[in-house]
Structure formats: C-alpha cells, structure tokens
Amino acid sequence: MSTHAALEQTIAQMVDETRGILAADESLPTIEKRFAAIGVENTEENRRFYRSLLLTTPGLGKYLSGVILFEETLFQTDDEGRPLPEVAWSQHIVPGVKVDKGKGPLTNAPGDLITRGLDDLTERLQRFRAAGPAFAKWREVYPITPRNPTRLGLHANAEVLARYAAVCQEQGYVPIVEPEVLMDGDHDIDRCAEVTEHVLHSVFHALHLHGVELEYMLLKPNMVLPGKDCRRAPPEEVAEATLRVLKRTVPAAVPSINFLSGGQGPEEATANLNAINQLRGNAPWQLSISYGRALQQPALQAWAGKPENRRQAQAELLKRARLNSLARQGRYRPEMEDEPAVLPE
Ligand code: 13P
C-alpha cells in the first residue's frame, strides 16, 4: 500500500461521529505516579496486566476507535499470549504509539520546556512497524506564567511538533499533534484562551512550513480552562472559549480534534466535551476525546492491583467510554453518572 493510501485508511478507521481515543501511553515515571496512588508496584508485569485489562474490555470498540500505547506495550501480550496491538485491532480499535521521549528545559527560554526524541524518530518508526501501530503521538507542553510561554518557546515547540508530524507522514503513520497548555497555576480562562490561541497559531504555521498534510493528522489540544488554582468555569463558558480559539486557529482540513483531559476530573471532562458539542454550530471538525486520566481513573481505582477486580475495572472503563461517546454527540446528561457500571452479557 502506498504511504498516502495508508494514511487515508488510518484516518477512515479512526475518525467517525461517535467514538474517541484512549491515551494509555503513560511513560515509566507517569505510570509510577498512577500506580502509587492505588498502592501498586510499578513492575513490567503489573503494567502488562493493567494495560491488557484495558484493551480486552468487552465491547470497548463500540466507543473507542484508537488507543495510544507506550512503546513497551507494543511488545507485550495478554494472558492468552496475543500481542496487545493485535488485541486492539481485534476490537476495531487502531493502536498507535507515543514516540516523544519526554521533556526538559529549553535553553534561553526560562520556564519553557521542549520535548526530545527527533534524532532517531525515522528509525524507531520503521522498527515499530512490524508490531502494527498505525499512528503516533508527540506531546509538547506549555506552562503558563506571567512570562511563559516566551516567543522562543512558542517557536521552538511548534517546530518540533511539525518536524515530528512530517516524519510520521513520510513513514505512513498518522501523527497526533499534541500541544498541551498546562492547567497548573492561578491564571483565568481568558489568559488560557490567549496562550492557546498563540500556541495553535504557531503550530499550524509550522505544520504548513514543513509540508504536513492537514487531512492526515489529528490535533490533540487542551480545552480552554481556568488554571487549577482559579475558580472553576461552567461547561458552557469552557465550550464557548474553546470553540472561539479553535475556530480562529485550526484549518477546516483537519478531520478531528481529540481533546486531552489534562487534570480535569472524569465527570468534568465529559460535561465539558458535551457542552462543546452542543455549542459546535457549523464547526468543520469532529470534536472528540483522547483522554488518559479522565477515562482511566475510575478503572484504576476499581482494579487497585487485584486480579479479581478485573471485570469491575473493565466495567468502569466501558462506562466512561460510553458516556464520552454520548458527550461527543452532545447527548450526555449528568444523571447518567448514576447508572451502574456493567459489562455486556
Ligand atoms: P490526559 O487526558 O490524562 O491529560 O492524558 C492525555 C495524554 O495523552 C497526555 O499526553
């Protein structure tokens, strides 16, 4: 298959009107934090068990069209010995892989960060091919302070995202482009809107410069929200601010925008997505999810590291996936949270 045909096929498999993406690609330090919160040791076997629990959830493919995996997961198997990417495919969920190698300080831009991993990206994408992922993900983060992001921070992070996306498309992988404006801080929603607008503008400028074909990428942005230490904004206000910024910056050629949850609670993230879809008007893109914490938190808590809790954990994941699928269609109501979490017969 030609590279173009591969990209086209992946977009067709991942983008529809009801489903979203699960981010299960926590790096070793991040999964360590998630496991520590439920008293589970961060061993390779625990990570394998937990991630195969997620991927073997009965009926998950009804609500999810993609899953982002950590590199290690590409080469792990479920309890029956099936490679985990194959388990995803068998559920009609496209597997992808996180390819950034984490962040560090950006020299001469105090407070800004930059992500590593471009040098051997082509070789890694070629090596992963046999394991079956069809898309990739790369995250750049932008802390908000009175001085950040700087002009250099905006420029350098956009360049890295665009270079990553161009290499992915050359290698036949659909890139998920993730510029995340962080929620940390006491800034208000207007400041988040201002920064997110600068960020997305610089990212699409760089994508254009690097020849990235917007039809064959997905955007994974933050919602426009007040900082964690500021008063919470109601879903309608979040939706209005988020749509305004996206309409100003994201070309109509992008097929789908899949939000990260970024520290919102599971119910908050679902309610905000619902409001965005209710207010979307004539927005040209699908507006869906690529949540990590907001999909996994109840499942992690139900599992608590105990094999006998497996089915209950799967039921919790399925419930969040289903409610977000409804929210993605603007059909979620908060009372639905009272429904029990159950697996299909
Ligand atoms: P959260 O939804 O937990 O922010 O995770 C999404 C993600 O993939 C961050 O890179």
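Residues numbered from 1 in each chain as written. Predicted model: local features only at pLDDT ≥ 70, side-chain atom pairs only at ≥ 80, totals over all residues. Heavy atoms only, no water.

Around the ligand sit 13 residues, and of these Lys137, Lys220, Ser261, Gly262 and Arg293 come closest. In the model, an oxygen atom of the ligand is placed 2.6 Å from a nitrogen or oxygen of the Lys220 side chain. Contact with the protein chains covers 91% of the free accessible surface of the ligand, which is 300 Å². When contributions to the shell around the ligand are tallied by element, the ones reaching two or more residues are strand E6 (135-142) and strand E10 (286-291). Taken together, the residues that form the shell around the ligand break down as 3 nonpolar, 4 polar and 6 charged. (Near = heavy atom within 4 Å. Polar contact = N/O pair within 3.5 Å; in protein donor to acceptor, adjacent residues only side chain to side chain. Areas by Shrake-Rupley, 256 points an atom, 1.4 Å probe, with all protein chains shown as cover. Helix = DSSP H or I, 4+ residues; strand = E, 2+ residues; numbered from the N terminus. Nonpolar A, V, L, I, M, F, W, Y, C, P; charged D, E, K, R; others polar.)

Turning next to the pairing of E6. With 7 of 8 residues buried, E6 is to be regarded as a mostly interior element. Bridge analysis of strand E3 (residues 94-98) against E6 gives 3 bridges, and the strand direction is parallel. Across the sheet, the residue bridging to Lys98 is Lys137, located in E6. Where E6 meets strand E7 (residues 174-181), 8 bridges bridge the pair, whose relative direction is parallel. Opposite Ala136, over in E7, you have Pro175 as the bridge partner. Note that the unit made of E6, helix H7 (residues 151-170) and E7 has a crossover that is right-handed. (Buried < 20%, exposed > 50% of the residue type's maximum accessible area, 1.4 Å probe, protein only. Pairing = 2+ DSSP bridges. Right-handed = clockwise from strand over helix to strand, strands pointing away.)

The next point concerns the nonpolar core. Counting residues in each nonpolar core, the largest one holds 103 residues, and the members touching the most others are Tyr164, Leu207 and Trp303. If sequence neighbours within four positions are ignored, Trp303 has contacts with Phe35, Ile38, Val40, Asn46, Phe49, Tyr50, Leu53, Asn309 and Ala313. The next biggest cluster of nonpolar side chains, apart from the first, holds 13 residues, and it includes Leu7, Ala23, Tyr216 and Leu218. (Core = buried A, V, L, I, M, F, W, Y, C linked by side-chain atoms within 4.5 Å. Contact = heavy atoms within 4.5 Å.)

Looking now at the pattern of salt bridges. Side-chain pairs of opposite charge can arise where the charged atoms are in close proximity. Scanning the entire structure with this criterion turns up 24 salt bridges. In this structure, the salt-bridge partner of Glu72 is Arg47, at a minimum N-O distance of 2.7 Å. Of this pair, Glu72 sits in helix H4 (residues 71-74) while Arg47 sits in helix H3 (residues 44-55), placing them 25 residues apart in sequence. Side by side, Glu72 and Arg47 carry an identical accessibility label, which is buried. (Salt bridge = Lys/Arg side-chain N within 4 Å of Asp/Glu carboxyl O.)

In this section: unusual backbone geometry. With omega at -5 degrees, the peptide bond leading from Asn148 into Pro149 counts as cis. Residues other than glycine seldom take positive phi values, yet His92 does so here, at roughly 65 degrees. Relative to the assigned elements, His92 resides in the loop between helix H5 (84-90) and E3. For His92, a relative accessible area of 62% gives the class exposed.

Counted under the stated rule, the structure contains 6 aromatic pairs. Their ring planes at 85 degrees and their centres at 5.9 Å tell us that Phe35 and Tyr50 sit as a pair that is edge-to-face. With Phe35 in helix H2 (residues 28-37) and Tyr50 in helix H3, this residue pair connects regions lying 15 residues apart in the sequence. Here the two residues Phe35 and Tyr50 agree in accessibility, since each one is buried. On the numbers, 5.3 Å between centres and 35 degrees between planes, the contact of Trp138 with Tyr164 is tilted. (Phe/Tyr/Trp six-rings, centres within 6.5 Å; stacked < 30°, edge-to-face > 60°.)

Positionally, Asp25 belongs in the loop between strand E1 (20-24) and H2. Judged by relative accessible area, which is 4%, Asp25 ranks as buried. For the pair Asp25 and Val67, spaced 42 residues apart in the sequence, the C-alpha separation amounts to 8.5 Å. Residues within four places of Asp25 in sequence aside, it is in contact with Arg51, Ile68, Leu69, Phe70, Lys98 and Lys137. Among the polar contacts made by the side chain of Asp25, one reaches the side chain of Lys137 at a distance of 2.8 Å.

Interpretation note: all reported values are geometric properties and have no functional meaning in isolation.
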